[in-house]
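For reference, the chains in residue letters:
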Amino acid sequence: MPALDYPRGSYALAPAVTSVLLLQTTDTGAPDLRADFTSAGFSVTGPADGTHLVREALRAGADVVACWAPRVDDALLQAIATLQREQPTPVLVFTQDSDVDCMERALAAGVQAWVVQGYGAHRLRPLVAMAQARQRRERALAEQVQALDARLEERKLMDKAKGILMRSRDLSEDEAFRLLRSASMQGNQKVGQLSRQVIDAARVAQAINRAGQQRMLSQRLIKLYALACSRTDGPAAALLMRESIARVEDNLKSLESELSPATFGDLLAAGRAAWAELRQGLEAPPQLAGLERLDALAEAVLGHANALVLALEASGVVHPVHVVNQAGRQRMLSQRVAKLALLIPGAAQAAPLRAEMDSAARAFEEGMRVLEAAPLSTPETRAQLAQGRLAWTELLATTAQAGQAAGRLRVAAASEDLLTVFDRLTGLYQHSLQVLLGDVGAPGARDA
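Residues numbered from 1 in each chain as written. Predicted model: local features only at pLDDT ≥ 70, side-chain atom pairs only at ≥ 80, totals over all residues. Heavy atoms only, no water.

A.B. asks: I'd like to hear about the overall build of the protein, residue by residue, with values.
C.D. replies: Helix and strand counts for the protein stand at 15 helices and 5 strands. Against the 2.2 N^0.38 benchmark of 22 Å for 448 residues, the protein shows a C-alpha radius of gyration of 36 Å, more extended than a compact globule. Reported as C-alpha extents along the three principal axes, the dimensions of the protein are approximately 110 × 60 × 45 Å. In the protein, which comprises 448 residues, the proportion classed as buried is 47%. Partitioning the contacts of the protein with sequence separation of at least 6, the portion at a separation of at least 24 is 74%. Once the 49 positive and 50 negative side-chain charges of the protein are each reduced to a mean point, those two points are 4 Å apart. (Helix = DSSP H or I, 4+ residues; strand = E, 2+ residues; numbered from the N terminus. Rg over C-alpha atoms; globule rule 2.2 N^0.38 Å. Buried < 20%, exposed > 50% of the residue type's maximum accessible area, 1.4 Å probe, protein only. Contact = heavy atoms within 4.5 Å. Lys, Arg positive; Asp, Glu negative; His and termini not counted. Charge placed at Lys NZ, Arg CZ, Asp CG, Glu CD.)

Listed below in structure tokens is the structure:
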């Protein structure tokens, strides 16, 4: 049998015919759009009801929407605008309305071809082509604007991240940029993506530090109140109490302004309410009889602050912020041990308080082991941990002397020294490259 000789290329698929969805019109003088578009070689569907234009456009899969509307009303423009938001499609409108304001509103709604008193069957193909070309151009321009916006946003994020690194690590602008670029390459991330991570990590780490300070201050204030009640270095205790109260207020204002009300608002409100009750008692003249009640109020403040810390730590921004929480918790435990040591001598039942102090001391020891084994180790953090060990040993040695005036002074001094060490250490962790850069890692940041 002789081979069939098909013309070369005859098996190729023919290009799809452009489909046109007609919009329904109530004008009795309208031309026969269906017949004219069909004669011009288009596939015609519809007419569609303007109130269900999006549904009809999706169902028909039309390439172009065409409408005859001698007078264009707001309902039609609203339908077109909805269509362009949900299913961008070239729109061709024939009208007899020469009002410029109406034309501008039509263009704003998403009409690509606005033909005034110019309908003609012979013009349909070039007008449809113009509508499609304009839509392609509008889409290309929108994509360019979107790309420019993305680059601008990335630049803003990068500048902010550089500023964080410069302040945190005492880097020059060039050094901060090189660090971001190197870390982004190492982590196979865009610089903008890594910059956002740095910003989020810095925000969360700072919030954890501040909320952790609230835990510590709840214990410190009762320690100072106990010193004032025993008339041990009363003026100094009163001064430190005022400073601590101001610090609590500053932390609350910062947390309320920086954290999302929708996410953390309930925790912040509960913490604020608990603090307001404690502050009222602290501002009254120190009385030994009120010490137990104030300690209970301070425990409530501690509980709310701890709940906020845990919520922040669980926010999932970056895992290494846990070490910021741990270092901050050591501050609280140092003040808790000192507070309980001062409360024990005057307590009617000292055994429960002593058990609490022993529990807090064990928690502090465990925290030291966690920090000493943490991978975020640098010579600076190791030096602070060593100093913290010495200060902790000194505090433990003074707790048995808290029943005497001289011993209470030593407890107060040792606890303040320990607080200073762990305040500094918490700040070091908060600003460490590993915390700021997260799981990406910091080139050269880990010091063996």
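What follows picks up the thread again.
A.B. asks: Give a detailed account of the sheet that holds strand β3 (residues 64-68), specifying residues and quantitative values.
C.D. replies: The strand order across the open sheet formed by 5 strands is β2-β1-β3-β4-β5, and the pairing between neighbours is parallel. Of all the strands in the sheet, the pair left with one neighbour each is β2 (43-48) and β5 (113-116). The mean angle between the axes of side-by-side strands here comes to 20°, regardless of whether they run parallel or antiparallel. With 4 bridges joining them, strand β4 (residues 91-95) and β5 adopt parallel strand pairing. Considered in β5, the bridge of Phe94 is made with Val115. (Pairing = 2+ DSSP bridges. Axes fitted to C-alpha atoms, helices over the stretch in contact; angles between N-to-C directions.)

A.B. asks: Kindly report on the side chain of Gln112, identifying the contributing residues and their values.
C.D. replies: Here Gln112 lies in the loop between α4 (100-109) and β5. A polar atom in the side chain of Gln112 sits 3.2 Å from the backbone oxygen of Gly110. For Gln112, the side chain forms a polar contact with the side chain of Glu138, separated by 3.0 Å. (Polar contact = N/O pair within 3.5 Å; in protein donor to acceptor, adjacent residues only side chain to side chain.)

A.B. asks: Can you lay out the layout of surface pockets for me, pointing to particular residues and giving the numbers?
C.D. replies: Of the volumes computed, that of the largest pocket is approximately 510 Å³. What lines the largest pocket is a set of 20 residues, among which Leu291, Leu343, Gly346, Ala347 and Leu353 lie closest to the centre. Top element by residues in the lining of the largest pocket is helix α10 (residues 291-313). It accounts for 4 residues. Across the lining of the largest pocket, the residue classes tally to 13 nonpolar, 3 polar and 4 charged. (1 Å grid on protein atoms, 1.4 Å probe; cavity = no way out; pocket = protein on both sides within 12 Å on 5 of 7 lines; lining within 4 Å. Points joined across faces, edges and corners; volume = space filled by probe spheres on them. Nonpolar A, V, L, I, M, F, W, Y, C, P; charged D, E, K, R; others polar.)

A.B. asks: I'd love a proper account of the side chain of Asp36, names of residues and values included.
C.D. replies: For Asp36, the location among the structural elements is in helix α1 (residues 33-39). Here Asp36 occupies a buried position and makes no salt bridge, while the nearest side chain of opposite charge, Arg34, is found at 11 Å. Excluding anything up to four places from it in sequence, Asp36 contacts Pro31, Tyr119, Ala121 and Leu124. (Salt bridge = Lys/Arg side-chain N within 4 Å of Asp/Glu carboxyl O.)

A.B. asks: Please provide a residue-by-residue account of unusual backbone geometry, values included.
C.D. replies: Residue Pro47 follows Gly46 across a cis peptide bond; omega there is 10°. Although it is not a glycine, Gln117 sits at a positive phi angle of roughly 50°. Here Gln117 shows up in the loop between β5 and α5 (124-169). Not every positive phi belongs to a glycine, and Asn188 is a case in point at roughly 55°. Mapped onto the fold, Asn188 is located in the loop between α6 (173-186) and α7 (191-229).

A.B. asks: Can you lay out the packing of aromatic side chains for me, pointing to particular residues and giving the numbers?
C.D. replies: Under the criterion given, the structure shown has 5 aromatic pairs. Ring centres of Trp68 and Tyr119 lie 5.8 Å apart, and the angle between their planes is 90°; this geometry places the pair in the edge-to-face category. Within this pair, whereas Trp68 is found in strand β3, its partner Tyr119 is found in the loop between β5 and α5, the two being separated by 51 residues in sequence. What makes Trp68 buried here is its relative accessible area of 9%. Ring geometry for Phe364 against Trp392: centres 4.0 Å apart, planes inclined by 20°, an arrangement best described as stacked. Note that Phe364 is positioned in helix α12 (residues 350-373) and Trp392 in helix α13 (residues 379-399), a separation of 28 residues in sequence. By way of ring pairs, the aromatic residues Trp68, Phe94 and Tyr119 are connected into one cluster. (Phe/Tyr/Trp six-rings, centres within 6.5 Å; stacked < 30°, edge-to-face > 60°.)

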